[in-house]
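Okay, here's what each chain looks like letter by letter:
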Amino acid sequence: MAERKLLVLFGSQTGTAQDTAERIGREAKRRRFHCRVEALDSYPVAQLIQELLVVFVCATTGQGDPPDNMKNFWRFIFRKNLPPASLCQMDYAVLGLGDSSYPKFNFVAKKLHKRLQQLGASPILPVALGDDQHDLGPDAVVDPWLLDLWGRILPLYPLPPGLGIIGPDVLLPSKFTLHFLEERPRGCGGDQSRQEAARQPPSELHPFAAQVVSNLRVTAESHFQDVRLIEFDVTGSGIEYSAGDVLMIQPRNAPEDVQQFCQLLRLDPGRCFVLKPSEPGTPLPAHLPQPCTIQHLVACYLDISCVPRRSFFELLAWFSPSELEREKLQEFSSAQGQEELYGYCNRPRRSTLEVLCDFPHTTCAVPLDYLLDLIPRIQPRAFSIASSMLALPNRLQILLAVVQYKTRLSKPRRGLCSTWLASLSPQQGDVRVPLWVKRGGMKFPAEPDTPIIMIGPGTGVAPFRAAIQERVAHGRKGNYLFFGCRQKSKDFYCGAEWQELVKSGHLTLFTAFSRDQEEKIYVQHRIRENKGLVWDLLSRGNAHIYLAGNAKQMPAAVADALKSVFQFEGDLSPSEAEEYLTALERSHRFQMETWS
């Protein structure tokens, strides 16, 4: 009989794909499989040729890009020199998680499914495409797909003789156990010394604790949106970056939330523990120091501010001594209760901490060993770097929109990272933020005479501020910026800076202040108005176009404006204009960086 091993590999940006992969892992264990669940880039990819049964769970980010934790795998799997039969012994299934409001819906899953077949692997099922836009979210596709998956896998890998499926009335063991230490050893607290961190190049596992130098609001006090220009001192970090690179920041929970969580679960924040895996071979969480305090676990690791997923309610129900609370939790975790869960949790953006407050009898009964199964890790946040090392040596700046909005809940919803960063003041003393830099997707031309057209409404202007500073430092002109915001007097970020560069001849600036007149004007309107210049720069000057900002309607509106330029000025048909834009993308003369 074939060995009953299942490998579940995920590529996840926000944690949804990881949560789904772990759900598949739990279901596999109930079916008596030896199952490993790993991020694609944590898995030694050369071993893939030995795997017999693999499930891939992949999100698609931005404009059809793979998540950060599968980028190395993505590059490897598309190598042209891989033999066409290299995965011929593998049975596999691909589950995609995406958002159909984006043009490249589930692009990564579709492309991976096709590539695995090219390499000789056998699909157990057609690729499944989960959609955030569905009323019930991705589960509308995931639930029936999983039933189908097990229906196909079990005949190929039958249960061992005499053993049945472990029923839903049995609680699976926790992934880890917490062993509390009687005495607090030296260095227990989780805050790695700066000297130790400084020996490592800054990375997700070894971030650099950078000092906050300034934190300036760049919108008018009367403006609804609080946007900050924050500057960090990275002296001695070894950090180097170029225009287009991205700053990664590891946020932490608010002190009052940490205190409330510890009170609800009756935890002593000062207690020190070590983690041990329940099953041999299970790797310990790489981002959690050993030994560690409860304070560090709750403040820096557990994402108590995130909107909990269905799996949270499913596990929480197990621990409830209250029949009333348990019934409600079971309803929220059932397939039939997903609409009600959406109304309770997702629509109002209710946090994990708020849910725990709503189920007090259950919360104080949660075994500590299950905390890491129940609550995901705080994900690092990405920000386009808004400065150049050539203009500001040893410094790094970001342009940050503070996330705050109302739902039907009385307390406003606040972004974890942006609220924390906005609260930091250099006047408080030595204020530090754990950070590192990763290479960005945008690459600016090395040739000094190549003009660049930058389209950056709102905080989308951040990477272009870095590019302009870099190019000005090299004495390069030919910088064209289309900037859009609501009102010149309220949210014209870095306006005085742009005007100085216009005066010195280093910048040509086009602004669209959408609310400064009766009819709304956006960057796409300015592109159409300046179609002659845009076409001339592209057709004669070999210009590159860059677009950054909100991923919803703006990229499609800008693409339509560019195609209309190609038609009017280049005398191209609609299909030729479409092809011309695609050719610019293929040759990296049209690059986008968008976020939701």
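Per chain, residues are indexed from 1 in the order of the written sequence. Local features in this predicted model are restricted to residues of pLDDT 70 or higher, and side-chain atom pairs are both shown and tallied only at a pLDDT of 80 or more, whereas totals for entire chains, interfaces and linings draw on every residue. Just so you know, side-chain values use all the structure's heavy atoms and leave hydrogens and water out.

Brief notes about the nonpolar core
Membership of the largest hydrophobic core comes to 41 residues, with the highest contact counts inside it found for Phe261, Leu297, Leu302, Phe313 and Leu371. Helix and strand definitions here come from DSSP, where helices need a minimum of 4 consecutive H or I residues and strands a minimum of 2 consecutive E residues; each element is numbered from the N-terminal end. In terms of residues, this core owes the most to one element, helix α7 (residues 294-301), which gives six residues. In this description, contact between two residues means that some pair of their heavy atoms is separated by no more than 4.5 Å. When near neighbours in sequence (up to four residues on either side) are disregarded, leucine 302 contacts Asn253, Phe261, Leu297, Leu371, Ile375, Pro376 and Ile378. To form a nonpolar core, buried Ala, Val, Leu, Ile, Met, Phe, Trp, Tyr and Cys residues must be joined to one another through side-chain atoms within 4.5 Å. Only protein chains enter the accessibility calculation, which uses a 1.4 Å probe; a residue whose area is less than 20% of its type maximum is buried, one above 50% is exposed, and one in between is partly exposed. Judged by nonpolar contacts, the second largest core, of 28 residues, contains Met454, Cys485, Leu501 and Phe513.

Description of the sheet that holds strand β12 (residues 292-293)
A pair of strands is treated as paired once DSSP finds two or more bridges between them. Spatial ordering of the open sheet is given by β7-β11-β12, a layout of three strands whose pairing is antiparallel. Edge positions in the open sheet fall to β7 (176-180) and β12, since each of these has one partner strand only. Here strand β11 (residues 272-277) pairs with β12 via two bridges, running antiparallel. Among the inter-strand pairings, phenylalanine 273 is bridged to a residue of β12, identified as cysteine 292.

A look at the side chain of arginine 4
As for its placement among the helices and strands, arginine 4 is situated in the segment before β1 (5-11). Beyond its immediate sequence surroundings of up to four residues, arginine 4 is in contact with Arg31, Arg32, Phe33, His34, Leu154, Tyr157, Pro158, Leu159 and Pro160.

Section: the pairing of strand β18 (residues 452-455)
Of the two faces of β18, the one holding Ile452 and Met454 and the one holding Ile453 and Ile455 are both buried throughout. As paired strands, β18 and strand β19 (residues 479-485) are joined by four bridges and run parallel to one another. When the sheet's bridge partners are listed, isoleucine 453 is paired in β19 with tyrosine 480. Handedness of a crossover is defined as follows: with both strands directed away from the viewer, a clockwise route from the first strand across the helix to the second makes it right-handed. Handedness of the crossover is the feature at issue here: the chain leaves β18, passes through helix α15 (residues 462-473), returns alongside β19, and the resulting connection is right-handed. Of the pairings in the sheet, the one linking β18 to strand β21 (residues 544-550) comprises four bridges and is parallel in character. Bridge assignment links isoleucine 453 to a residue of β21, and that residue is isoleucine 545.

Let's talk about the sheet that holds strand β17 (residues 432-438)
Strand pairing in a sheet relies on backbone hydrogen bonds. The paired strands run either parallel or antiparallel. Pairing within the open sheet is antiparallel, and its six strands lie in the order β13-β10-β17-β8-β9-β14. In this open sheet, the two strands that pair with only one neighbour each are β13 (381-384) and β14 (395-401). The mean angle between the axes of side-by-side strands here comes to 40°, regardless of whether they run parallel or antiparallel. As defined by bridge partners, strand β8 (residues 208-217) adjoins β17 across four bridges and the pair is classed as antiparallel. By the bridge assignment for β17, glutamine 211 is matched with arginine 432. Fitting a line to C-alpha atoms yields each axis, with helices limited to the stretch in contact; the angle taken between N-to-C directions then spans 0 to 180 degrees.

As for the packing of aromatic side chains
Aromatic contacts are taken between Phe, Tyr and Trp rings whose centres are within 6.5 Å, Trp giving its six-membered ring; a plane angle under 30 degrees counts as stacked, one over 60 as edge-to-face, and the others as tilted. Summed over the entire model, instances satisfying the criterion amount to 18 aromatic pairs. Look at phenylalanine 332 and tyrosine 344: their rings are 4.9 Å apart centre to centre, the planes differ by 10°, and that puts the pair in the stacked class. Taken together, the residues phenylalanine 332 in helix α9 (residues 323-333) and tyrosine 344 in helix α10 (residues 338-346) connect sequence positions twelve residues apart. The exposure class of tyrosine 344 is buried, given its relative accessible area of 13%. The ring of phenylalanine 33 has arginine 4 sitting right over it, with the charged end atom 4.0 Å from the ring centre. We call a charge positioned over a ring when the NZ of a Lys or the CZ of an Arg lies within 6 Å of the ring centre and within 35 degrees of the ring normal. Here lysine 531 stacks its cationic end above the ring of phenylalanine 568, 6.0 Å away from the centre of that ring.

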